[in-house]
Amino acid sequence: MPPPTPAPADEPRLPVRSGTAYRVVSPPDHARVSRPLAVELERVLERFANEAGARPQQPLTITFRPGIFGHHQVGRAADIYAVNGRGLDAWKRRWDEVQHRAARSPDPLSRRLLRETEEKLNLGWRLYKALQRYGRWAQPYGYPIQLFGPWTRTEGPWKYISDFLLRAHQDHIHVAK
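Quantities reported herein were computed from a predicted structural model and do not represent experimental measurements.

Below, the discussion takes up helix α3 (residues 88-104). In this model, α3 (17 residues) spans 24 Å end to end at C-alpha, consistent with the 24 Å of a helix rising 1.5 Å per residue. Looking at α3, one finds that the buried residues are Leu88, Trp91, Lys92, Trp95, Val98, Gln99 and Ala102. Around the axis of α3, the buried residues are gathered within 130° of arc, so they sit on the same side. Buried residues belonging to α3 abut β5 (77-83), β6 (86-87), α4 (108-121), α5 (123-134), α6 (152-155) and β8 (173-176).

Listed below in structure tokens is the structure:
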């Protein structure tokens, strides 16, 4: 990856705030990002949570952890590790188990029902798809769109990432703006 573009000295880094239908449950410093990234994440997370059926009385929870590479340090990237208290790696394992069970199912209707049910219930996959559908993420010249996670190889938006990047993002979703 190219070195990050330094943030202007006067550009504040803000924590991603909780919304109406979701709560950020990690410490504020775990998702302290540039204003454009905070606004974009808050917009997409609210839409995701509403589509998932969350309400102010029963919001979804989102857990961030601080990143270790350059563009995290200047606030241009964020890493999401859990949805509703379950790690993204656990959501992915569950997804894979259902996909394998569906593939072994003898009839097409059972396969379809298993897959459709999991698409509705798997909040990790739904978050990844919401970030993909509704987010406007960075794409530095010559590099993939800055949305990586456990579903990158099968769901995109850039399926041909390196094995290194894929392994590095098996337990979280990384976004950058």
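Back to the text.
The full count for this structure, using the stated rule, is ten salt bridges. The salt bridge involving Arg153 is made with Asp163; its shortest N-O contact spans 2.8 Å. Of the two residues, Arg153 is situated in helix α6 and Asp163 in helix α7 (residues 163-168); the sequence distance between them amounts to ten residues. On the basis of relative accessible area, Asp163 is assigned to the partly exposed category, the value being 45%. Among the charged side chains, a network of salt bridges with common partners joins Glu40, Arg43 and Arg136.

The subject of this paragraph is the packing of aromatic side chains. Scanning the entire structure with this criterion turns up two aromatic pairs. When the centroid spacing of 4.8 Å and the interplanar angle of 10° are considered together, the rings of Trp95 and Trp125 count as stacked. One end of the pair, Trp95, is in helix α3; the other, Trp125, is in helix α5, with 30 residues separating them in the sequence. Across the pair, Trp125 and Trp95 agree in class, each one buried. On the numbers, 6.1 Å between centres and 45° between planes, the contact of Tyr128 with Trp151 is tilted. Residue Tyr128 is found in helix α5, and its partner Trp151 is found in the loop between β7 (147-148) and α6; the two are separated by 23 residues along the sequence. Exposure remark for Trp151: the relative accessible area of 0% places this residue in the buried category. A cation over a ring is seen here: Arg47 above Tyr134, with NZ or CZ 3.6 Å from the ring centre. Cation over ring: Arg86 sits above Trp91, and NZ or CZ is 4.6 Å from the ring centre.

This brings us to the environment of Gly19. With respect to the element layout, Gly19 can be found in the loop between β1 (13-15) and β2 (22-24). Relative accessible area serves as the criterion here: at 18%, Gly19 is assigned to the buried category. The sequence separation of Gly19 and Lys92 amounts to 73 residues, and the corresponding C-alpha distance is 25 Å.

Parameters and conventions
- Residues numbered from 1 in each chain as written.
- Predicted model: local features only at pLDDT ≥ 70, side-chain atom pairs only at ≥ 80, totals over all residues.
- Heavy atoms only, no water.
- Helix = DSSP H or I, 4+ residues; strand = E, 2+ residues; numbered from the N terminus.
- Expected span 1.5 Å × (residues − 1).
- Buried < 20%, exposed > 50% of the residue type's maximum accessible area, 1.4 Å probe, protein only.
- Arc of directions from axis to C-beta.
- Contact = heavy atoms within 4.5 Å.
- Salt bridge = Lys/Arg side-chain N within 4 Å of Asp/Glu carboxyl O.
- Phe/Tyr/Trp six-rings, centres within 6.5 Å; stacked < 30°, edge-to-face > 60°.
- Lys NZ or Arg CZ within 6 Å of the ring centre and 35° of its normal.

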